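In case you want the letters, here they are:
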Amino acid sequence: MKGNFEALAVMFGKEPIKPKRITEQAIKIHKDKRELAITPETIAKIKQELKNARQGNYSKKWRNRRWTALISINLLFTLSFWIDIQLFEGSMIASRVLGFHMADVYSALQVVLAYKIMFINLAIGTITVFFIWIFLGGRAFCSWVCPYHLFAEWTERIHIKLVEKKWVKDHPFHRGVRTIFWIVFSILAFILGYALFNSINPVGIVSRALIYGPSLAILWVVMLLLFEIFYSRRAWCRYVCPMGLTYGITGALSPLQVTYHLPDCQHEGACRVVCEVPHVLECVKKSRAKEVTVDIGTDCTLCGACVDVCPTSSLRFEIKGLSYLT
Amino acid sequence: MFTSKKSTPRHQESRRRFLRTMALFFGVIGTSLATIFPAFAKSRLRPPGAIEEGEFLASCIKCGQCVQVCPVQAIDLADIDEGMGIGVPYIDARSQACDFSCDAVQCILACPTGSLSPTVSKKEDVRMGLARVARLEACLAYHGQGFKGQARGPHFQGLLRYAEIDRWKPIPVKDYPEDRELCDLCVCRCPIEKAISLRPVEGGKGMKPVIHEACVGCGVCEMICPVEPTVIVIDERKTWETA
């Protein structure tokens, strides 16, 4: 399962800590690895792998699948309006997909707090979406559906290049601020009687612009992307987006997850280099895994970058208790 | 040399990160609050069934489903310059009025949040506002003049459903040249019965449009008026009680 109390706490902003109890099998593997002699060849190999990870030279299998899904879904929204095929009506915030009501959970919460009434169709849509992402892994919404995420991925590549050239530096924020945003935006919606977050939500702005045509509001999104290029890597998705946090909570019960397998891992950390939320990969550090297989926490967006980059296939997609996905 | 715990590099970095995070927090919250402030944003004609303006702004989830279902695409979404209304739907009647081509107020049926109230189920029950003759002195009928040609010129993109051509399908206004001996387009194109009529002007040779209680404020008269700028306008959200 993606979520346990520690995983939730880490998602809300807590620094990951060393596990207190480690199983005997895991202790043995950790010990064997420590006793293994490190040859200059291994070091060179690991260095090369890290470099490849930074430069993006690795398999793109899951990324390609993911981009196909993300672009298709957003295209279906756009085409439903443009050529009136009426499959995905509305936008990412609320829609009717094949006639079923859908509504983004946090946007709906904003509206309900502001308006103080929940209309039946909105309730149906919100519950539908909630259950969909319980099964499909919560924040998988972010990397597999959210249109802002795709643009942010592209600008992230620029950011990484600039960092390599030492032209810019990544400025991390405290991750806990995302939880505070979630709470403060909720309180503001209630007090002001207005869904404040929905009007600056880049997901809604990008989605509406893709479907109904460009708007001035895109300037706000451009500003955010520039901020992410020149100042702080993936700032919106990592430190702000309350939608993402909501899906993270939703996904805590999800059977769909990434699983870490200790035995073959070389601990070179390529996965942490490519990860959008590296704090969920604390267990891949040397001697940190508390079991032989570890469930990756609920803040994971299931983007599959770590699965793609891992040279030893130590990170894999899994439907918990059923099978591994290849 | 004595160094206090607080000046270790690690501590300094953590302090800087804290200050950065505070700046991020106030930056984002400040920006979002700034979207409220253009309270001077123009008041807009809302789609059929829109509830009271404050509640409308609160309840609209900004999904645009009303935009999608409208057969004449009368509904637009407000941009960032509309202040508090960003992303909420409005109708610019002069460029494309709601002519009830859908017959069943589709936008209301599409609205997931009840911002467009489902208590309104037919066009006669809609109350978007009221038409008002704003520039009688420019009215063609007032001067006894007729109108011949495309009501809004060859470049106008708006659509309207003409019952005598196709009961079901709206067509471009520019494809339907008018020929009226006395200009009465606002009356004959009105989709609501008994909402508007022409009455003789006392002591004059012409006629003038008079708005009646049945008017729903859809804006077809504002769209079709061939005079530039329009003679007849919609006062959004006005009712006979507030008039």
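Residues numbered from 1 in each chain as written. Chains lettered and ligands numbered in written order. Predicted model: local features only at pLDDT ≥ 70, side-chain atom pairs only at ≥ 80, totals over all residues.

Caption draft 1: Highlighting the overall build of chain B. Broken down by element type, chain B carries six helices and 10 strands. Radius of gyration (C-alpha) of chain B: 25 Å, far over the 18 Å computed for a compact globule of 243 residues. The buried share among the 243 residues of chain B stands at 42%. Taking all contacts inside chain B whose residues are at least 6 apart in sequence as the whole, residues at least 24 apart take part in 68%. (Helix = DSSP H or I, 4+ residues; strand = E, 2+ residues; numbered from the N terminus. Rg over C-alpha atoms; globule rule 2.2 N^0.38 Å. Buried ≥ 20, exposed ≤ 12 C-beta atoms within 10 Å, placed from the backbone. Contact = placed C-beta atoms within 7 Å.)

Caption draft 2: Looking closely at the overall build of chain A. What chain A contains, in helices and strands, is 16 helices and seven strands. If you line up chain A on its principal axes, its C-alpha atoms span 65 × 40 × 40 Å. The buried share of chain A, reckoned over its 326 residues, is 45%. In chain A, once contacts between residues fewer than 6 apart in sequence are set aside, the share between residues at least 24 apart is 74%.

Caption draft 3: Spotlight on the domain arrangement of chain A. Residue and element names in this part refer to chain A. As assigned here, chain A comprises domain 1 (5-45 + 255-325) and domain 2 (61-249). Distance between the C-alpha centres of domain 1 and domain 2: 27 Å. Counting residues at the interface gives 18 residues for domain 1 and 20 residues for domain 2. Among the secondary structure elements, those contributing two or more residues to the side of domain 1 that touches domain 2 are helix H1 (5-12), strand E4 (256-261) and helix H16 (305-309). It is H16 that provides the largest number of residues to the side of domain 1 that touches domain 2, a total of three residues. Here the residues of the side of domain 1 that touches domain 2 sort into nine nonpolar, six polar and three charged. (Domains from an automatic or database assignment. Nonpolar A, V, L, I, M, F, W, Y, C, P; charged D, E, K, R; others polar.)

Caption draft 4: Seen up close, the packing of helix H8 (residues 147-164) of chain A against helix H12 (residues 218-230) of chain A. Residues and elements named next belong to chain A. Where H8 meets H12, the closest approach of the two axes is 8 Å, and the angle between their N-to-C directions is 30°. Considering their axes alone, H8 and H12 lie roughly parallel with respect to each other. The chirality of how H8 crosses H12 is right-handed. In this structure, H8 uses Phe151, Ala152, Thr155, Glu156, Ile158, His159 and Leu162 to contact H12, whose residues at the interface are Leu225, Glu228 and Ile229. (Axes fitted to C-alpha atoms, helices over the stretch in contact; angles between N-to-C directions. Parallel < 35°, antiparallel > 145°, perpendicular 65-115°, else oblique. Left-handed = near helix turned anticlockwise from the far one by under 90°.)

Caption draft 5: Structural detail: the pairing of strand E9 (residues 207-211) of chain B. Residues and elements named next belong to chain B. Where burial is concerned, the two faces of E9 differ: the one with Met207, Pro209 and Ile211 is buried and the one with Lys208 and Val210 is not. Across five bridges, the pairing between strand E8 (residues 196-200) and E9 is antiparallel. Each bridged residue has a counterpart across the sheet, and for Ile196 the counterpart in E9 is Ile211. Linking E8 to E9, which pair antiparallel, is a turn of six residues; within it Gly203 sits at a positive phi near 75°. (Pairing = 2+ DSSP bridges.)

Caption draft 6: Geometry of the pairing of strand E6 (residues 315-319) of chain A. All names here are of chain A. Note: E4 against E6, five bridges, orientation antiparallel. Each residue of the ladder has a partner; that of Tyr260, found in E6, is Leu315. With three bridges connecting them, E6 and strand E7 (residues 323-325) associate as antiparallel partners. When the bridges of E7 are listed, Phe317 appears paired with Leu325. A loop of three residues connects E6 with E7, the two strands running antiparallel in sequence, and Gly321 in this loop sits at a positive phi of about 80°.

Caption draft 7: Layout of the sheet that holds strand E3 (residues 100-103) of chain A. Residues and elements named next belong to chain A. Read from one edge to the other, the open sheet built from three strands follows the order E1-E2-E3, with strand pairing classed as antiparallel. Bordering the open sheet on either side are strand E1 (88-90) and E3, each of which pairs with just one other strand. Neighbouring strand axes in the sheet, compared pairwise and without regard to direction, differ in orientation by 25° on average.

Caption draft 8: The interface of chain B and chain A, seen in detail. Facing 34 residues of chain B, the contacting portion of chain A comprises 45 residues. Every element with two or more residues in the side of chain B that touches chain A is listed here: helix H1 (9-34), helix H2 (53-59) and helix H3 (65-69) of chain B. Sort the elements by how many residues they give to the side of chain B that touches chain A and H1(B) lands first, with 10 residues. Across the side of chain B that touches chain A, the residue classes break down as 16 nonpolar, 12 polar and six charged.

Caption draft 9: Spatial organisation of the environment of Pro16(A). All names here are of chain A. Locating Pro16 in the fold gives a position in the loop between H1 and helix H2 (24-35). A sequence separation of 265 residues divides Pro16 from Leu281, and the C-alpha atoms of the two residues are 9.4 Å apart. Setting aside its immediate chain neighbours within four residues, Pro16 contacts Val10, His279 and Glu282.

Caption draft 10: Geometry of the environment of Cys275(A). All names here are of chain A. Relative to the elements of secondary structure, Cys275 occurs in the loop between helix H15 (270-274) and strand E5 (293-295). Along the backbone, Cys275 and Asp264 are 11 residues apart, and their C-alpha atoms lie at a distance of 20 Å. Ignoring anything within four residues of it in the chain, the contact list for Cys275 reads Leu281, Ala305 and Cys306.

Caption draft 11: The arrangement of the confidence of the model for chain B in detail. Residues and elements named next belong to chain B. Averaged over chain B, the pLDDT score is 90; the fraction of residues at 70 or greater is 95%. Confidence scores differ between elements of chain B, with H2 showing the lowest mean pLDDT of 90 and helix H6 (residues 220-224) the highest of 96. In the predicted assembly, ipTM is 0.89 and pTM is 0.90. (pLDDT = per-residue confidence, 0-100.)

Caption draft 12: The arrangement of the nonpolar core in detail. With 156 residues, the main nonpolar core has Ala189(A), Cys271(A), Cys306(A), Cys66(B), Cys107(B), Cys221(B) and Ile224(B) as its most contacted residues. Sorting elements by how many residues they give to this core places helix H5 (residues 105-115) of chain A first, with nine residues. Counting only domains with at least three residues in this core, you end up with domain 1 (5-45 + 255-325) and domain 2 (61-249) of chain A. Sequence-distant contacts of Cys221(B), that is, excluding residues within four places in its chain, are made with Ala131(B), Cys186(B), Cys190(B), Ile196(B) and Ile232(B). (Core = buried A, V, L, I, M, F, W, Y, C linked by C-beta atoms within 7 Å.)

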